[in-house]
Amino acid sequence: MSSETEIRPFRVDMPDEAIADLRRRIAAARLPSKELVADRSQGVQLATIQELARYWAADYDWRACEARLNALPQFTTEIDGVDIHFIHVRSSHPDALPLIMTHGWPGSVIELLETVGPLTDPAAHGGSAGDAFDLVLPSIPGYGFSAQPTELGWYAGRVAQAWAKLMPRLGYTRYVAQGGDQGAAVTDAMGRQAPEGLAGIHMNLLVTALGGGAMPADTEQERAALEQTKTFRATGFGYFLEQATRPQTIGYALLDSPVALAAWMLDHDTDAYYKISRAFVDGQPSGNLTRDHILDNITTYWLTGTGASAARSYWESARAQALAAGQAPPEVKLPVGFTTFPGEIFRAPRSWVELGYPSLTYFHEADRGGHFAAWEEPELFATEIRAAFRPLR
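Counting restarts for each chain: residues are numbered from 1 in the order of the written sequence. Owing to the predicted nature of the model, reporting of local features is limited to residues with pLDDT of at least 70; listing and counting of side-chain atom pairs is limited to 80 or more, with chain, interface and lining totals taken over all residues. Side-chain metrics rest on all non-hydrogen atoms present in the structure, leaving aside hydrogens and water.

## Here's the deal with the overall build of the chain
Consideration 1: The secondary structure listing takes helices from DSSP runs of H or I that are at least 4 residues long and strands from runs of E that are at least 2 residues long, numbered from the N terminus. Scanning the chain from terminus to terminus reveals 16 helices and 9 strands.
Consideration 2: Restricting the calculation to C-alpha atoms gives the radius of gyration, and the globule rule supplies 2.2 Å times the number of residues raised to the power 0.38. Taken over C-alpha atoms, the radius of gyration comes to 20 Å for the chain, in line with the 21 Å a tight globule of 393 residues would show.
Consideration 3: The C-alpha extent of the chain, read off along each of the three principal axes, is 55 × 55 × 45 Å.
Consideration 4: Between buried and exposed lies partly exposed: a residue is buried under 20% and exposed over 50% of the maximum accessible area for its type, with that area taken using a 1.4 Å probe on protein chains only. Taken across its 393 residues, the chain has 55% of its residues classed as buried.
Consideration 5: Contacts in the chain between residues at least 24 apart in sequence constitute 76% of all its contacts with a sequence separation of at least 6.
Consideration 6: Only four residue types enter the tally: Lys and Arg on the positive side, Asp and Glu on the negative side, with His and both chain ends excluded. The atoms used to mark charge sites are NZ of Lys, CZ of Arg, CG of Asp and CD of Glu. Distance between charge centres in the chain, computed from 33 positive and 47 negative side chains, equals 2 Å. Here, two residues are considered to be in contact whenever any of their heavy atoms come within 4.5 Å of each other.

In structure tokens form, the structure reads like this:
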């Protein structure tokens, strides 16, 4: 194998000084006065950040996260000039179906770690051995342990092309793909590009309904979803707009202040924010959205210095959309699975999903879980993935 396509083992080992510097910066943070409202309408609440910062500086153990990561097979390989980090867990079950799953923002591979067991060894988690997957969890370029792109053009479609090179490099001639949030955009692009070997896709965020185009509003469910998208654009769109237009500007705060980074990453959707806030302020985590797991993710961004480079992925996608304005994207002809979770930014109706994906073969409305469904409810999430891809085995 040439050096350009070499697959290299990888371990996480952050310097002690980097962790000490993180604690110093948390202790030195200057905080604003308390918000003047009783909810999150002015942004991340002071009590949430105060408790997060206290726990982060005093009780949180990054080395435990390193141990979790290093207990899994990790690798890097160069694709299109960028070193890509990925976790690759082969199932012990024969005929396991290869699956590449892509994380989102403000997530990372951290949000997917708890799904490794249920997906690679379903028999140990109440499932059938015949539903096992070989699992590939890459870090999007500019996120986490992947290198930061040094040239323009790394939008979701180019990431999709990189994944289509990664899977054959790992020896897979037939595989499936899954994604939520930014990962849904990458997986959608994979479905439209239809690279050789890709047998089907599954998503849990309907990116085709976020483009601003008119969506049907004939049924009560459609009208409810439409109101949720309007609410998101009116009151929850700040991070999206800033990263899509000025990622470098916010990047200075994200690289200089860990508290600013944490606040920026917490200010996502309302459901996830309140769940995370309760984990810190009230000691009531929602599933695996625990204090430690939340800080594992934030600390990964901090120690890798990827706050700005991750934000640029939104700018890249916005630029790509502008360049493609007026051009109909290729149709997805592969089998498509979709799961809608009740706490998602909007609960996509089946009619909307079929409009974007006429080849829909699996649709399910889960009874719990939100935007970070794989993180919050890994066992339920794995059950959805197994069901969605079962017909493709």
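Resuming the write-up.
## Re the pairing of strand β3 (residues 82-89)
Consideration 1: Here β3 lies mainly inside the structure; 7 of its 8 residues are buried.
Consideration 2: Where strand β2 (residues 74-79) lies against β3, 6 bridges are found, and the strand directions are antiparallel. Paired with isoleucine 79 across the strands is valine 82, a residue of β3.
Consideration 3: A loop of 2 residues connects β2 with β3, the two strands running antiparallel in sequence, and aspartate 80 in this loop sits at a positive phi of about 50°.
Consideration 4: Two strands are said to pair when DSSP picks up at least two bridges between them. Both β3 and strand β5 (residues 133-138) contribute to a ladder of 4 bridges, which runs antiparallel. What sits directly across from isoleucine 87, in β5, is leucine 137.

## Section: the environment of alanine 71
Consideration 1: Structurally, alanine 71 can be placed in the loop between α3 (62-70) and β2.
Consideration 2: Look at alanine 71 and you get exposed, because its relative accessible area is 62%.
Consideration 3: C-alpha of alanine 71 to C-alpha of arginine 11: the two residues are 60 residues apart in sequence and 9.3 Å apart in space.

## Some words on the packing of helix α10 (residues 258-266) against helix α12 (residues 291-304)
Consideration 1: Lines are fitted to the C-alpha atoms to define the axes, a helix being fitted only along its stretch in contact, and any angle between axes, read from their N-to-C directions, falls within 0 to 180 degrees. Where α10 meets α12, the axes come as close as 10 Å, and the angle between the chain directions of the two elements is 130°. Of the possible angle classes, the one that applies to α10 and α12 is oblique. Read as a crossing pair, α10 and α12 show a hand that is right-handed. Facing Pro258, Leu261, Ala262, Met265 and Leu266 of α10, the residues of α12 in contact are Asn297, Ile298, Tyr301 and Trp302.
Consideration 2: Among the residues making up the contact of α10 with α12, the classes are represented as 8 nonpolar, 1 polar and no charged. Between 65 and 115 degrees an angle is taken as roughly perpendicular, under 35 as roughly parallel, over 145 as roughly antiparallel, and anywhere else as oblique. Crossing chirality is assigned from the near helix's rotation relative to the far helix, an anticlockwise turn below a right angle marking it left-handed and a clockwise turn marking it right-handed. Each residue receives one of three labels: charged for Asp, Glu, Lys and Arg, nonpolar for Ala, Val, Leu, Ile, Met, Phe, Trp, Tyr, Cys and Pro, and polar for the others, Gly being one of them.

## Thoughts on the packing of aromatic side chains
Consideration 1: Aromatic rings from Phe, Tyr and Trp, with only the six-membered ring used for Trp, were paired whenever their centres fell within 6.5 Å, and each pair was classed as stacked if the ring planes differed by under 30 degrees, edge-to-face if by over 60, and tilted otherwise. All told, the structure shown has 17 aromatic pairs when counted by the stated rule.
Consideration 2: Measuring from centroid to centroid gives 6.5 Å for phenylalanine 232 and tyrosine 239, while their planes differ by 55°, and the two rings are tilted.
Consideration 3: Given a relative accessible area of 8%, phenylalanine 232 falls into the buried group.
Consideration 4: Through pairs of rings, three or more aromatic residues link up here, namely Trp105, Phe232, Phe237, Tyr239, Phe240 and Tyr314.
Consideration 5: Over the aromatic face of phenylalanine 133 sits the side chain of arginine 393, whose NZ or CZ is 4.5 Å from the ring centroid. We call a charge positioned over a ring when the NZ of a Lys or the CZ of an Arg lies within 6 Å of the ring centre and within 35 degrees of the ring normal.

## Some details on the layout of surface pockets
Consideration 1: Taken as a whole, the largest pocket spans an internal volume of roughly 1,400 Å³.
Consideration 2: Together, 42 residues line the largest pocket, and Ala185, Asp188, Val207, Ser317 and Gln321 are the ones closest to its centre.
Consideration 3: Contributions of two or more residues to the lining of the largest pocket are made by α5 (156-169), α6 (182-193), α7 (220-235), α8 (238-245), α13 (307-323) and α14 (350-356).
Consideration 4: Only protein atoms enter the 1 Å grid used here. Points where a 1.4 Å probe fits but cannot escape make up a cavity, open sets with protein on both sides within 12 Å along at least five of seven lines make up a pocket, and a residue lines them when an atom lies within 4 Å of a point. Grid points are joined across faces, edges and corners, and a volume is the space filled by probe spheres set on the points. Considered as a void within the structure, the second largest pocket measures approximately 400 Å³ in volume.

## Quick look at α7
Consideration 1: In a regular helix each residue adds 1.5 Å, so 16 residues correspond to 22 Å; α7 covers 22 Å between its end C-alpha atoms and thus fits that length.
Consideration 2: Along α7, the positions that sit buried rather than exposed are Glu222, Ala225, Thr229 and Phe232. The buried residues of α7 occupy one face: seen down the axis, they fall within an arc of 80°. Turned more than 90 degrees away from the buried face of α7 sit Glu220, Ala234 and Thr235, all of them exposed. Working rule for helices: expected span equals 1.5 Å times residues minus one. Note that the arc is defined by the directions from the helix axis to the C-beta atoms.

## Regarding the packing of α8 against helix α9 (residues 247-256)
Consideration 1: Viewed as axis vectors pointing N to C, α8 and α9 meet at an angle of 110°, and their least axial separation amounts to 6 Å. Judged on the interaxial angle alone, α9 and α8 are roughly perpendicular. Residues Glu242, Gln243 and Thr245 of α8 lie in contact with α9, whose contacting residues are Pro247, Thr249 and Ile250.

## Comments concerning the pattern of salt bridges
Consideration 1: Within this document, salt bridges are pairs made up of a side-chain nitrogen of Lys or Arg and a carboxyl oxygen of Asp or Glu, the two lying within 4 Å of each other. One pass over the full model with this rule turns up 25 salt bridges.
Consideration 2: The closest approach of N and O atoms between aspartate 131 and arginine 390, which form a salt bridge, is 2.8 Å. Taken as a pair, aspartate 131 in the loop between α4 (116-120) and β5 and arginine 390 in the segment after α16 (378-389) lie far apart in primary sequence, 259 residues in all.
Consideration 3: Arginine 390 sits in the partly exposed class, given a relative accessible area of 42%.
Consideration 4: Note that lysine 230 and glutamate 227 form a salt bridge whose closest N and O atoms lie 3.7 Å from each other. Note that lysine 230 and glutamate 227 are positioned in helix α7 at a spacing of 3 residues, about one turn of the helix.
Consideration 5: A relative accessible area of 47% places lysine 230 in the partly exposed class.
Consideration 6: The partly exposed category is assigned to glutamate 227, whose relative accessible area is 43%.
Consideration 7: Linked by salt bridges that have partners in common, Glu17, Asp21, Arg24, Arg25 and Asp256 make up one network.

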